[in-house]
Amino acid sequence: MVEAARLYGQVAEQGRAVAQNMLGMFYMLGCGELHSNQDLDAAARLFRLAADQGDVAQSWLGYFCESGMGGVKRDMAEAVRLYRAAAAQGDARALAQLGVLYERGRGVLQSDEEATACYAAASAVGAESLFAYGVQHLTEFGGRKAPEAFTIQIAVRDLTLAARLEHAGAVGKLTSISSRREVASACCMG
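Residues numbered from 1 in each chain as written. Predicted model: local features only at pLDDT ≥ 70, side-chain atom pairs only at ≥ 80, totals over all residues. Heavy atoms only, no water.

K.L.:
Explain the overall build of the chain to me, please; I cannot follow it from the model alone.
P.N.:
When helices and strands are counted, the chain shows 10 helices and zero strands. In the chain, the order of α-helices and β-strands from amino to carboxyl end is α-α-α-α-α-α-α-α-α-α. For the chain, buried positions account for 49% of its 190 residues. Pairs at least 24 residues apart make up 56% of the contacts formed inside the chain by residues separated by at least 6 positions. When the accessible surface of the chain is split by element, carbon and sulfur atoms take 51% of a total near 8800 Å². (Helix = DSSP H or I, 4+ residues; strand = E, 2+ residues; numbered from the N terminus. Buried < 20%, exposed > 50% of the residue type's maximum accessible area, 1.4 Å probe, protein only. Contact = heavy atoms within 4.5 Å. Areas by Shrake-Rupley, 256 points an atom, 1.4 Å probe, with all protein chains shown as cover.)

Put into structure tokens, the structure is as follows:
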């Protein structure tokens, strides 16, 4: 992971969006020797650079706008715009999160019809990928230097989205981590 962080850093400095997105994730989760401390401000800056180039980092930046993390001003309209941009590229996380926003009427007019359409599109793209992301955050990053509560928060978010898309393993995985006290605060994320 250390070598990956170093290489992503070199390529990100050249302005490559994919590398900026991946390096942003290293900063967000506090992974890799070069980025062993979580730095949400640096993550947000890198996600913005990648998103401005049309990268699906728009989904992560939308999450930062929705939650007001990383020095990003909480802005639901911007979050929705970014989720839509990433969803247009087929990003399952953005599609599912748009479904949640429509279901709850957060940043958009509440619409069960729109929520269902977003969930269906996300499911077609990949409930499996959301499940895999959630499990990855629990296993690969959870044992590293990433702050455990934040890592669990991200994992719960992705697993919850996968469960909404009726992924068979997601509910079981959420149940298996429910004994961790951090989950109570993580579940409030939306």
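K.L.:
What am I meant to see in the packing of helix α2 (residues 17-29) against helix α4 (residues 57-67) here?
P.N.:
Any two packed helices are characterised by the angle at which their axes cross and by the distance between the axes. Contact geometry of α2 with α4 gives a least axis separation of 10 Å together with a crossing angle of 35 degrees. Considering only the axes of α2 and α4, their crossing is left-handed. Packed against α2, whose contacting residues are N21, M25 and M28, the element α4 presents A57, W60 and F64 at the interface. Taken together, the residues of the contact of α2 with α4 sort by class into five nonpolar, one polar and no charged. (Axes fitted to C-alpha atoms, helices over the stretch in contact; angles between N-to-C directions. Left-handed = near helix turned anticlockwise from the far one by under 90°. Nonpolar A, V, L, I, M, F, W, Y, C, P; charged D, E, K, R; others polar.)

K.L.:
Explanation requested: the packing of aromatic side chains in the structure shown.
P.N.:
Summed over the entire model, instances satisfying the criterion amount to four aromatic pairs. Plain terms: the ring middles of F47 and W60 are 6.3 Å apart, the flat faces sit at 15 degrees to each other, and that makes the pair stacked. Separated by 13 residues along the polypeptide, F47 in helix α3 (residues 40-52) and W60 in helix α4 bring together distant segments of the chain. On the basis of relative accessible area, F47 is assigned to the buried category, the value being 0%. For the ring pair W60 and Y63, a centre distance of 5.9 Å and an interplane angle of 75 degrees mean the geometry is edge-to-face. (Phe/Tyr/Trp six-rings, centres within 6.5 Å; stacked < 30°, edge-to-face > 60°.)

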